Amino acid sequence: MLIEHVERYVDYRRKLGAKFDTGEHALTRFARYADNFGDTHVTTDRVHEWCNLACSPDRGRVIYNHLRRFSTFLQAEDSRHAALPKGAFGSRRNPRPAPHLLQPDQIEAILSAALTLSNRTIAPYTYHFLLGLLAVTGMRVSEALALQRSDLTCDGLLIRRSKGGGSRLLPIHSTTREAITAYLVRRNRAFSISDDLFICCTGRAPTKQSVGRTFNSLTRQLGIRGPVGTPGPRLHDLRHSFAVRSLEASVHDINAVRRHMVALRDYLGHSSILCTYWYLEATPVLMRAIAAVNEDRFQGGVR
């Protein structure tokens, strides 16, 4: 049965360090569908039939790509499994969303607005301190939501569920530690059925989707984001803004920039420095520094 192959494949991917939760769900549903027809091998017709049932063309493309990699894995063992061609359900042509670099006063306004959320539970404080932590550390929202109370150590925050399955210790400023400690006083008095650091009215950490919706609502309320359906700052832009602003702080020294990029890669939890470069934008501060360095090079001041 194909479901048994899916279990082997998922186990293989996770041993390589991938979380693979979304992939597991997509492959499991397909395997159950194919098993109902008595399929013992992946076939092109069944894959196309299943992907065409997706709720959108983009979702169909994602599912197809999961199945293509799955079939490649199986075909290496048994040639009776179909060799699915690349791009049969299209390729992703949409560019990455343009980043919106948030100004310090905008972030302060967002944090203040979070405290006014119409909820008498811990939620206003949770969103205030959660968004603040994302702004000052650049950590992924999934990493912040996975934090446990015990992950606040004397050396910093212990990130246990980083992208790709790794972990890292995140040093934090004394003011950040004080803020988290202040939040914990309120959090420990609230109802909770978990050890999650950040909790909402359920006693557990809010979902990533809930945090994203709240961020969009707050930025729209403040006029930072336009009406529904128009582009604007995303929750991920807190991470983007942190990366760019931190580089601006070291532009006075080209050697400091080199060291900073390596440190920023590790701090953000990137597996490759190429991922870190993608976060950098040509802000006026950075462009002035680049122009100054190039002028010194032209005049022979930098070797």
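Residues numbered from 1 in each chain as written. Predicted model: local features only at pLDDT ≥ 70, side-chain atom pairs only at ≥ 80, totals over all residues. Heavy atoms only, no water.

Scanning the entire structure with this criterion turns up twelve salt bridges. Across the salt bridge formed by Arg-168 and Glu-143, the nearest N and O atoms sit 3.0 Å from each other. Taken together, the positions of Arg-168 in strand β3 (residues 168-170) and Glu-143 in helix α7 (residues 141-145) put the pair 25 residues apart, joining distant regions of the chain. Here Arg-168 and Glu-143 have matching classes, each one buried. Each of Asp-39, Arg-46 and Glu-49 takes part in salt bridges that share partners, so that together they form one network. (Salt bridge = Lys/Arg side-chain N within 4 Å of Asp/Glu carboxyl O. Helix = DSSP H or I, 4+ residues; strand = E, 2+ residues; numbered from the N terminus. Buried < 20%, exposed > 50% of the residue type's maximum accessible area, 1.4 Å probe, protein only.)

Note on placement: Gly-138 falls in the loop between α6 (123-137) and α7. A sequence separation of 102 residues divides Gly-138 from His-240, and the C-alpha atoms of the two residues are 7.2 Å apart.

Before going further, it helps to spend a moment on a positive patch on the surface. Together, Lys-19, Arg-161, Lys-163 and Lys-208 give the surface a local cluster of positive charge. On the secondary structure map, Lys-19 appears in the loop between α1 (2-15) and α2 (21-36). (Patch = residues over 30% accessible without salt bridge, like charges linked within 9 Å, V, L, I, M, F, W, Y side chains within 5 Å. Areas by Shrake-Rupley, 256 points an atom, 1.4 Å probe, with all protein chains shown as cover. Lys, Arg positive; Asp, Glu negative; His and termini not counted. Charge placed at Lys NZ, Arg CZ, Asp CG, Glu CD.)

Tracing the chain through its elements places Arg-239 in helix α10 (residues 237-248). Along the chain, Arg-239 and Leu-134 lie 105 residues apart, while their C-alpha atoms are 6.6 Å from each other.

Turning next to the side chain of Arg-187. The residue Arg-187 is located in helix α8 (residues 174-187) in this model. Here Ser-194 takes part through its backbone oxygen, which lies 3.1 Å from a polar atom of the side chain of Arg-187. The contact partners of Arg-187, leaving out residues within four places of it in the chain, are Ile-122, Arg-149, Ser-192, Ser-194, Asp-195, Asp-196, Leu-197 and Ile-199. (Polar contact = N/O pair within 3.5 Å; in protein donor to acceptor, adjacent residues only side chain to side chain. Contact = heavy atoms within 4.5 Å.)

To continue, consider the packing of helix α5 (residues 104-114) against α6. Across the interface, α5 lies against α6 with an axial gap of 7 Å and an inter-helix angle of 160 degrees. Between α5 and α6, the angle falls in the class roughly antiparallel. As for the relative orientation of α5 and α6, their crossing is right-handed in sense. Packed against α5, whose contacting residues are Ile-107, Ile-110, Leu-111, Ser-112 and Ala-114, the element α6 presents Pro-124, Tyr-127, His-128, Leu-131, Gly-132 and Ala-135 at the interface. Along the lines of polarity and charge, the residues of the contact of α5 with α6 split into eight nonpolar, three polar and no charged. (Axes fitted to C-alpha atoms, helices over the stretch in contact; angles between N-to-C directions. Parallel < 35°, antiparallel > 145°, perpendicular 65-115°, else oblique. Left-handed = near helix turned anticlockwise from the far one by under 90°. Nonpolar A, V, L, I, M, F, W, Y, C, P; charged D, E, K, R; others polar.)

Take the sheet that holds strand β1 (residues 152-153) next. Spatially, three strands are ordered β1-β2-β3 in an open sheet, and the strand pairing comes out antiparallel. At either margin of the open sheet sits one strand with a lone partner, and together these are β1 and β3. (Pairing = 2+ DSSP bridges.)

All right, on to the nonpolar core then. Within the largest apolar cluster, 42 residues are counted, with the highest numbers of intra-cluster contacts made by Leu-131, Leu-134, Leu-157 and Leu-238. Only α5, α6, α7, β2 (156-159), α8, α9 (208-221), α10 and α11 (254-268) provide two or more residues apiece to this core. Among the elements that make up this core, the one with the highest residue count is α6 (eight residues). If we ignore the near neighbours within four places in the chain, the residues touching Leu-131 are Ile-110, Leu-111, Val-211, Phe-215, Leu-218, Leu-235 and Leu-238. Phe-20, Phe-30, Phe-73 and Leu-84 belong to the second largest nonpolar core, which has 23 residues in total. (Core = buried A, V, L, I, M, F, W, Y, C linked by side-chain atoms within 4.5 Å.)

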